[in-house]
There are 2 protein chains.
Amino acid sequence: MWSIIDSTLREGEQFINANFSLPQKKEIALMLDNFGVDYIELSNPASSEQSRIDCTAIANLGLGCKTLTHTRCNLEDVRLAIDTGVDGVDLLFGTSKYLRDYAHGKSIDYIIAKAKEVISMAKNAGCEVRFSCEDSFRSDAEDLVRVYRAVDRVGVDRIGIADTVGIAHPQQVSELVSSLRTVVDCDIEVHFHNDTGCAVANAHSAVQAGATHVDTCVLGIGERNGITPLGGFISRMYADDPEAVKMKYNLPMIPHMDHYVANAVDVQVPFNNYLSGYSAFSHKAGMHLKAMLQNSSTYEALNPDDFGVSRVVNVAHRLTGWNAVKSRAEQLGLSLPDQTIREATKSIKAAADVRHITLDEVDLILRDFDTRQMNKRTDEGRLHGSKSDLPTATEC
Amino acid sequence: MWSIIDSTLREGEQFINANFSLPQKKEIALMLDNFGVDYIELSNPASSEQSRIDCTAIANLGLGCKTLTHTRCNLEDVRLAIDTGVDGVDLLFGTSKYLRDYAHGKSIDYIIAKAKEVISMAKNAGCEVRFSCEDSFRSDAEDLVRVYRAVDRVGVDRIGIADTVGIAHPQQVSELVSSLRTVVDCDIEVHFHNDTGCAVANAHSAVQAGATHVDTCVLGIGERNGITPLGGFISRMYADDPEAVKMKYNLPMIPHMDHYVANAVDVQVPFNNYLSGYSAFSHKAGMHLKAMLQNSSTYEALNPDDFGVSRVVNVAHRLTGWNAVKSRAEQLGLSLPDQTIREATKSIKAAADVRHITLDEVDLILRDFDTRQMNKRTDEGRLHGSKSDLPTATEC
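From a predicted model like this one, the values you see are computed outputs, not experimental measurements. (Residues numbered from 1 in each chain as written. Chains lettered and ligands numbered in written order. Predicted model: local features only at pLDDT ≥ 70, side-chain atom pairs only at ≥ 80, totals over all residues. Heavy atoms only, no water.)

Chemist: Describe the overall build of chain A, listing the residues and the values that go with them.
Modeler: A count of helices and strands for chain A gives 15 helices and ten strands. Whereas a compact globule of 396 residues would reach a radius of gyration of roughly 21 Å, chain A reaches 29 Å, over 25% beyond that. Counting only C-alpha atoms and orienting by the principal axes, one finds that chain A spans roughly 105 × 40 × 35 Å. For chain A, the proportion of its 396 residues judged to be buried stands at 62%. Of all intrachain contacts in chain A linking residues separated by at least 6 positions in sequence, the fraction that spans at least 24 positions is 71%. For chain A, the accessible surface area stands at approximately 15100 Å², while carbon and sulfur atoms represent 47% of it. Charge separation in chain A, taken as the distance between the mean sites of 40 positive and 54 negative side-chain charges, equals 4 Å. (Helix = DSSP H or I, 4+ residues; strand = E, 2+ residues; numbered from the N terminus. Rg over C-alpha atoms; globule rule 2.2 N^0.38 Å. Buried < 20%, exposed > 50% of the residue type's maximum accessible area, 1.4 Å probe, protein only. Contact = heavy atoms within 4.5 Å. Areas by Shrake-Rupley, 256 points an atom, 1.4 Å probe, with all protein chains shown as cover. Lys, Arg positive; Asp, Glu negative; His and termini not counted. Charge placed at Lys NZ, Arg CZ, Asp CG, Glu CD.)

The structure is reproduced here in structure tokens:
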């Protein structure tokens, strides 16, 4: 089964609002470990003195998962990383023409030579090593094959494919991963930015094509609009095989982590966020509600119970239907005939046409119909009683 | 080129928070028309009296785009729809076992017979007609082919493929659309929910496989966590062919519509929303900034100028780099040697290690280094002056 490398404490630290304190980093690492990620990636300890201190602290927390740190492909960064006690280093080098021209100005030959030197040093120090070609999808395919083949031969544990600008789509991902699967023997890690909306689908496509490790962040935070969100990726993989995903990961941790990280970086959990968003399991249309009330799978691919969250069914609006209203009446313990439910539904729609109404108002309308119904029965009983002078069933 | 059917005023009205007034609906319709969508889909006029009034009003606004209304597959709904003056009706019927068992209890033969009757009536009335199999991706493939072939033969304008529960992934979409492309002669519309994170990628995959019409909503609002967002879909298609997308659509309307609709349904635009989110064009890491300052395409697939939004470059944090700091010094008109910039960068990182710092503080640090630099020059000048008694260059 595929593994998750969560990068909330590396890519996520590059989110514009992120400024995690060490206690926050520890809490996030512990939650991710509790959830069951396979790896946690940390910011380069060469970034600043506090980054080095934080990296050392997380690497020595005694987590069940492995710790990695992102480093530039040079001996100084890797030496510093090894000293923190992390299990592995994630090396990267830009191989696209954009990055070669504007970021570092190095040739492919230089990149290969440097990669070999640094990987050998890290492997000799007992480190797990990944080598990633930044901006893979705008790199020349021949360059990629040359670089990946070379690093595979010197014993790298994983190659990394990175869609640094978020431009790839699933078919391209499938083609590139499948083709590299025939070039290298090592594992394949993938990293997808979400600028053009494909970060979850690309991760799924990569796994189907043979990728072994997927980078995620809680809430998807990262540079620009971020990368594959942990919750989104898990939703996708759960849709394919719920049992396998439930077996490996502690799913109810996801909404918990989403809210913790949102608070730590001072943003709201998006209303439409996977699993933890306000509306993720909300249902409204009348047609939908009728079927939902009989079998929730009718309009749900994901079972909210598995993620520790609740379904919200809204019956208080103009698009409501009589089946939904009937169900609400039953929840209130009111036994109204179908014809009365239909009349109540008309009243609810008419009220909602004029202004926003609440569930309380729906309940009032239903109770009002129930009272009228009872009065009607009582009146009928009295009428009947005056004829026979005997008590009726409703009066007993 | 593919066409957009925007459903903010139908699917979007099924978003749990949505309760659009007629003036809001008119404003949204006018903005979508200004943006350049091909169709606007409206809620079923049979939903409520106000829905009928709203539908009639929008259908008669004199928009450049066509108007459609969603209707159940029955003669009463379609008659009511035709009376509102819309250009077309979007019929739907659930064909999956889930929907047949729990929503309506009808057989495929019944569905075909009913569809033929209703389509013929609508076509005779001069209406454009789409017929959609709800929950297509959990429907039996043979059932889909039977139904779509039958409706194509009676002259439907478009068939609709709907991923009602958001369970499809791009490869499945590609296979289904390609196969149906050989079954029907009419256009193919697609509708994707986003529960498992593939709504944008699925729409892209469908277009590549031969779909002609894509359903979107502003901000992606709809049942549960919604459908393909207009901004996300446009970002994806722009990445493939920016010129074609810029030619057909008025792109700067997207952030404007996102904010209007968010306000109307009382949610915040998600921080990571495509194009209009707070962080969509933010850049932070030191390595990224160096290259960004030379060529923004290095770390951007989308040009923010094309969408009427701005880039945000954050240099005030512990992951900053000296190239970014140098650029900020230049923006401030300070001419500092590289060695001084490196020292200033260290000071900025040290300050950011302790607490969150602002751009103002970065500027203060840079100005402080500049002052020290000038004082040093002045002191050196004085020293030199005391020796020679002649004014130095810095004193002139």
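Chemist: An account of the interface of chain A and chain B is needed here, citing residue identities and associated values.
Modeler: Size of an interface: often given as the accessible area lost when the parts come together. With 85 residues of chain A at the contact, the number on the chain B side is 85 residues. Each partner contributes to the roughly 7400 Å² buried at the junction of chain A and chain B, and carbon and sulfur atoms together form 55% of this total. Contact with chain B buries area across many residues of chain A, yet Ile16, Arg224 and Phe271 of chain A alone supply 10% of it, more than any other trio. The tally of links from chain A across to chain B stands at four salt bridges. Summed over the shared surface of chain A and chain B, the number is 40 residue pairs in polar contact (both at pLDDT 80 or more). Elements represented by at least two residues in the side of chain A that touches chain B include exactly helix H2 (49-59), helix H4 (97-104), helix H7 (170-181), helix H8 (199-208), helix H9 (230-240), strand E9 (282-283), helix H12 (286-294) and helix H14 (338-354) of chain A. (Buried area = accessible area lost by both parts, 1.4 Å probe. Salt bridge = Lys/Arg side-chain N within 4 Å of Asp/Glu carboxyl O. Polar contact = N/O pair within 3.5 Å; in protein donor to acceptor, adjacent residues only side chain to side chain.)

Chemist: Quick rundown of the UniProt feature "domain: Pyruvate carboxyltransferase" (unreviewed entry) in chain A? Include the residues and the values.
Modeler: Following the UniProt record, one finds the feature "domain: Pyruvate carboxyltransferase" (unreviewed entry) at residues 2-255 of chain A. Between the end C-alpha atoms of residues 2-255 of chain A there is a gap of 22 Å, over a span that is 46% helix and 18% strand. (UniProt positions renumbered as here; feature names shortened; annotations may be inferred.)

Chemist: So, the relation of the copies chain A and chain B: which residues are in play, and what are the values?
Modeler: Rotating chain A by 180° and moving it 0.0 Å along the rotation axis overlays it on chain B with an RMSD of 0.1 Å. What the superposition gives is, in effect, a two-fold axis relating one chain to the other. Rotation axis and chain A: the residue whose C-alpha lies nearest the axis is Pro270 of chain A, separated from it by 2.4 Å. Mapped onto chain B, 100% of the interface residues of chain A are again interface residues, and the two copies thus contact each other with one and the same surface. (Least-squares fit on C-alpha atoms with pLDDT ≥ 70 in both.)

Chemist: Tell me about H7 of chain A, and please be specific about residues and values.
Modeler: Every α-helix carries 3.6 residues per turn, so stepping three or four residues along brings you back to the same face. Between its first and last C-alpha, H7 of chain A extends 16 Å over twelve residues, near the 16 Å set by a 1.5 Å rise per residue. Every buried residue of H7 of chain A is listed here: Pro170, Val173, Leu176, Val177 and Leu180 of chain A. Seen from one end, H7 of chain A has its buried residues packed into an arc of 130°, which puts them on one side. Elements that come into contact with the buried residues of H7 of chain A comprise helix H6 (141-153), strand E6 (158-163), strand E7 (187-192) and H8 of chain A together with helix H7 (170-181) and helix H8 (199-208) of chain B. (Expected span 1.5 Å × (residues − 1). Arc of directions from axis to C-beta.)

Chemist: Give a detailed account of the pattern of salt bridges, specifying residues and quantitative values.
Modeler: Tallied over the entire structure, the rule returns 60 salt bridges over all chains. A salt bridge links Arg318 of chain A to Glu13 of chain B; the nearest nitrogen and oxygen atoms lie 3.1 Å apart. Here the residue Arg318 of chain A occupies a position in the loop between strand E10 (312-313) and helix H13 (322-331), and Glu13 of chain B occupies one in the loop between strand E1 (3-6) and helix H1 (22-35), the pair thus bridging two chains. Residue classification places Glu13 of chain B among the buried residues on the basis of a relative accessible area of 3%. Among the ionic pairs, Arg52 of chain B bridges to Glu49 of chain B, the shortest N-O distance being 2.9 Å. Residue Arg52 of chain B and its partner Glu49 of chain B are located together in helix H2 (residues 49-59), separated by three residues, close to a single helical turn. Overlapping salt bridges, with partners in common, bring together Arg10, Glu11, Glu41, Lys66, Asp90, Glu128, Arg130, Arg158 and Glu189 of chain A in one network.

Chemist: So what's going on with the sheet that holds strand E2 (residues 39-42) of chain B? Which residues, and what values?
Modeler: Residues and elements named next belong to chain B. Pairing within the closed barrel is parallel, and its eight strands lie in the order E1-E2-E3-E4-E5-E6-E7-E8. Put simply, the sheet's adjacent strands are angled 25° from each other on average, direction ignored. Sheet topology note: the E2/strand E3 (residues 66-72) ladder contains four bridges and is parallel. Within E3, the residue paired with Glu41 across the bridge is Leu68. On the sheet, helix H6 (residues 141-153) packs against strand E5 (128-134) and strand E6 (158-163) and is oriented at approximately 170° with respect to E5. (Pairing = 2+ DSSP bridges. Axes fitted to C-alpha atoms, helices over the stretch in contact; angles between N-to-C directions.)

Chemist: Tell me about the side chain of Thr196 of chain B, and please be specific about residues and values.
Modeler: By secondary structure assignment, the location of Thr196 of chain B is in the loop between strand E7 (187-192) and H8. Judged by its relative accessible area of 1%, Thr196 of chain B is buried. Looking at Thr196 of chain B, its side chain comes within polar contact range of the side chain of Arg236 of chain A, at 2.9 Å. Here Gly166 of chain B takes part through its backbone oxygen, which lies 2.8 Å from a polar atom of the side chain of Thr196 of chain B.

Chemist: Can you lay out the pairing of E7 of chain A for me, pointing to particular residues and giving the numbers?
Modeler: All names here are of chain A. Burial within E7 is extensive, with five of its six residues counted as buried. Here six bridges tie E6 to E7, and the two strands are oriented parallel to one another. Residue Arg158 lies in a different strand from E7, and its bridge partner there is Asp187. Crossover connection from E6 via H7 to parallel E7: handedness right-handed. Relative to strand E8 (residues 213-216), E7 runs parallel, the two being bridged by two bridges. Bridge pairing links Glu189 to His213 in E8. For the handedness criterion, the β-α-β arrangement of E7, H8 and E8 is classed as right-handed. (Right-handed = clockwise from strand over helix to strand, strands pointing away.)

Chemist: Describe the sheet that holds strand E1 (residues 3-6) of chain A, with residues and values.
Modeler: Strand pairing in a sheet is mediated by backbone hydrogen bonds. Such pairs are either parallel or antiparallel. Residue and element names in this part refer to chain A. As summarised here, the arrangement of the eight strands in space is E1-E2-E3-E4-E5-E6-E7-E8, forming a closed barrel in which the pairing is parallel. Neighbour-to-neighbour, the strand axes of the sheet open up by a mean angle of 25°, direction not taken into account. Along the sheet face, H6 touches strand E5 (128-134) and E6 and points at about 170° away from the line of E5.

Chemist: Explain the packing of H8 of chain A against H9 of chain A residue by residue, including any values.
Modeler: All names here are of chain A. Look at H8 against H9: their axes get within 9 Å of each other, and the N-to-C directions meet at 50°. Between H8 and H9, the angle is such that the two are oblique. By crossing handedness, the relation of H8 to H9 is classed as right-handed. Along the contact surface, H8 presents Val200, Ala203, His204, Val207 and Gln208, while H9 presents Gly232, Phe233, Arg236, Met237 and Asp240. Residue composition of the contact of H8 with H9, by class: five nonpolar, three polar and two charged. (Parallel < 35°, antiparallel > 145°, perpendicular 65-115°, else oblique. Left-handed = near helix turned anticlockwise from the far one by under 90°. Nonpolar A, V, L, I, M, F, W, Y, C, P; charged D, E, K, R; others polar.)

Chemist: Got a sec to walk through unusual backbone geometry? Specific residues and values, please.
Modeler: Its identity is not glycine, yet Arg224 of chain A carries a phi of approximately 55°, on the positive side. Inspection of the secondary structure puts Arg224 of chain A in the loop between E8 and H9. For Arg224 of chain A, a relative accessible area of 1% gives the class buried. We note that Leu219 of chain B has phi near 65°; this positive angle belongs to a residue other than glycine. Summarising the element assignment, Leu219 of chain B is placed in the loop between strand E8 (213-216) and helix H9 (230-240). A relative accessible area of 2% means that Leu219 of chain B is categorised as buried.

Chemist: Tell me about the packing of H1 of chain B against helix H11 (residues 253-264) of chain B, residues and numbers included.
Modeler: The relative placement of two packed helices comes down to the angle between their axes together with the axis-to-axis distance. Residue and element names in this part refer to chain B. Two elements in contact, H1 and H11, have axes separated by 10 Å at closest approach and are oriented at 165°. Accordingly, the angle class assigned to the pair H1 and H11 is roughly antiparallel. Remark: the crossing between H1 and H11 carries left-handed chirality. Each of Gln24, Glu27, Ile28, Met31, Leu32, Asn34 and Phe35 in H1 lies in contact with H11, whose residues at this interface are Met253, Ile254, His256, Met257, Tyr260, Val261 and Ala264. Across the contact of H1 with H11, the residue classes tally to ten nonpolar, three polar and one charged.

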